[in-house]
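Residue-level listing of the chains:
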Amino acid sequence: MIKTQAEAWAPLKNELEVWSQKGLEAQLWLRDDDAIEVTPALEQLDDLCSQFNVPYTIATIPSLTTQGLAQWAASHTLGHYAVHGFSHTNHAPSDEKKCELGLHRGEQKILDELAEGFEILTNIFGAQMAPLLVPPWNRIDTALVPHLSALGFKGLSTYGWPKPSEPHDLAIINTHIDIIDWKGSRGGLPRKVLIDNLVEALQTARALNPTQPPAIGVLSHHLVHDELAWNFLEELMSFSAKNNQIAWKSAKQIAQL
Ligand SMILES: [Zn+2]
C-alpha cells in the first residue's frame, strides 16, 4: 500500500509531539559535501534551500575550488563553506577504508595541508567561510584533532554520535542522517528509512541531553542526488516549514563558530 505524504511523515510528527510537550526545539542543520564548482545540482540545492529559507554548509575541497564558485557564493548567501580535507585524496592502503586524514603520510604533512586549505577557503569565501573541518569520508586520525585549533579551526564535523577522544577545544558538530544509499543504489535512500533514522536520531538527542538536545545533522551530496534524494530533502523542508518544533540552523549558529 502506497502511503500518502502525511502518513509517511506521521512518525516524525509523533516524535515532535513529545518535543512539544517537553518544550523542546529540534535543531537541524544541513551539511552537503564535495563542492568545487557551480553545477546545475548546486544551483538546485540552493534553489531548494532558498524556497524554505534553510541555511546550508558545504564541505568544499580546497585545492580544487574554483573562482567561479567563489563568485557564485557571494550572491547565494544561505551557504557557508567548510574545509573538506585538502584534495580529497585517499592515502590509505587498499586493504583499509578510504582516508585522507590518516597518519599514513606523517602528521606534519597533513597539518601543513590543512593549514593551507584553511587559508585558501578563507581567502576565497571571506565571511561565508565556516572554520569547520569536514574530513573526507568522515575519517580523521584522533591524534590530529588536538592540533586543529592552532590552525584556526573551531569545529569538526564527521558522522554519527561523537565517541570519547583525546582532549581538544573544538566544537563537535556531526551529521547523523546520510540521505544517500552508498552501499546500494548510490542514489537516495527510501523515504521510510530516512524518516525512521531521523526519529531515532531525535530520540538519541533527547536521551543524551533532555533539556538541550544536540542538533541533528542531515548529510547530502548534491552531485549524486537522484529524484528520491531531492524529493526527500524537499519533503523534509516542507514538513519543517509547517512544524514549529523544527528549526533549521547553520553550522555557524549551532557551534557558535
Ligand atoms: Zn567528500
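These figures come from a predicted structure and were not determined experimentally. (Residues numbered from 1 in each chain as written. Predicted model: local features only at pLDDT ≥ 70, side-chain atom pairs only at ≥ 80, totals over all residues. Heavy atoms only, no water.)

## Focus: the packing of aromatic side chains
Quick note on the threshold: Think of it this way: a Phe, Tyr or Trp ring, Trp meaning its six-membered ring, pairs with another when their centres are within 6.5 Å, and the plane angle makes it stacked under 30 degrees, edge-to-face over 60, tilted otherwise. Comment: elements are numbered from the N terminus, with helices defined as DSSP H or I runs of at least four residues and strands as E runs of at least two. Relative accessibility thresholds used throughout: buried, under 20% of the residue-type maximum; exposed, over 50%; partly exposed, between the two (1.4 Å probe, protein chains only).
By the definition in use, this model includes four aromatic pairs. Summarising the aromatic geometry, the rings of Trp9 and Phe232 are spaced 5.6 Å apart at their centres and angled 20° between planes, so their arrangement reads as stacked. With Trp9 in helix α1 (residues 5-21) and Phe232 in helix α6 (residues 227-241), this pair connects stretches of sequence that are 223 residues apart. Owing to a relative accessible area of 3%, Phe232 belongs among the buried residues under this scheme. Between Tyr81 and Phe125, the aromatic rings sit 4.1 Å apart at their centres with planes inclined by 5°, giving stacked as the arrangement. Remark: Phe125 occurs in helix α4 (residues 107-125) and Tyr81 occurs in strand β3 (residues 79-83); sequence separation between them is 44 residues. Neither residue differs from the other here; Tyr81 and Phe125 are each classed as buried. Clustering of aromatic rings is evident, with ring pairs tying together Trp9, Phe232 and Phe239.

## Re the coordination of the zinc ion
The line we're drawing: Keep in mind that water is not among the atoms, so a site may look incomplete; donors are the N, O and S atoms within 2.8 Å of the metal, or 3.2 Å for Na, K and Ca.
Bound to the zinc ion on the protein side are Asp34 (OD), His84 (NE2) and His88 (NE2), at distances that span 2.1 Å. Of note, the donors binding the zinc ion are all from one chain and are spaced D-x49-H-x3-H. Taken together, the residues span a long stretch of sequence, with Asp34 in strand β1 (residues 26-35) and His88 in the loop between β3 and α4 at a distance of 54 residues. Asp34 gets classed as partly exposed once you look at its relative accessible area, which sits at 21%. Exposure remark for His88: the relative accessible area of 21% places this residue in the partly exposed category.

## A closer look at unusual backbone geometry
A positive phi angle, near 55°, is found at Asn53, a position not held by glycine. Of note in the backbone geometry, Gln256 takes a positive phi value of approximately 50° without being a glycine. Looking at where Gln256 falls in the secondary structure, it is placed in the segment after α7 (251-255).

## Quick notes on the pairing of β1
What counts, and what does not: Paired strands, as defined in this entry, are two strands with at least two bridges between them according to DSSP. When the strands point away from the viewer and the connection leading from the first strand across the helix to the second strand turns clockwise, the crossover is called right-handed.
β1 sits mainly inside the fold: eight of its 10 residues count as buried. Looking at chain direction, β1 and strand β9 (residues 246-248) are connected through three bridges and run parallel. What sits directly across from Gln27, in β9, is Ala247. Where β1 meets strand β8 (residues 216-220), five bridges bridge the pair, whose relative direction is parallel. Counted as the bridge partner of Leu28 is Ile216 from β8. Bridge count between β1 and strand β2 (residues 56-60): five bridges; the pairing is parallel. Following the sheet pairing, Ala35 is matched in β2 by Thr60. The parallel pair β1 and β2 is bridged by helix α2 (residues 40-52), and the resulting crossover is right-handed.

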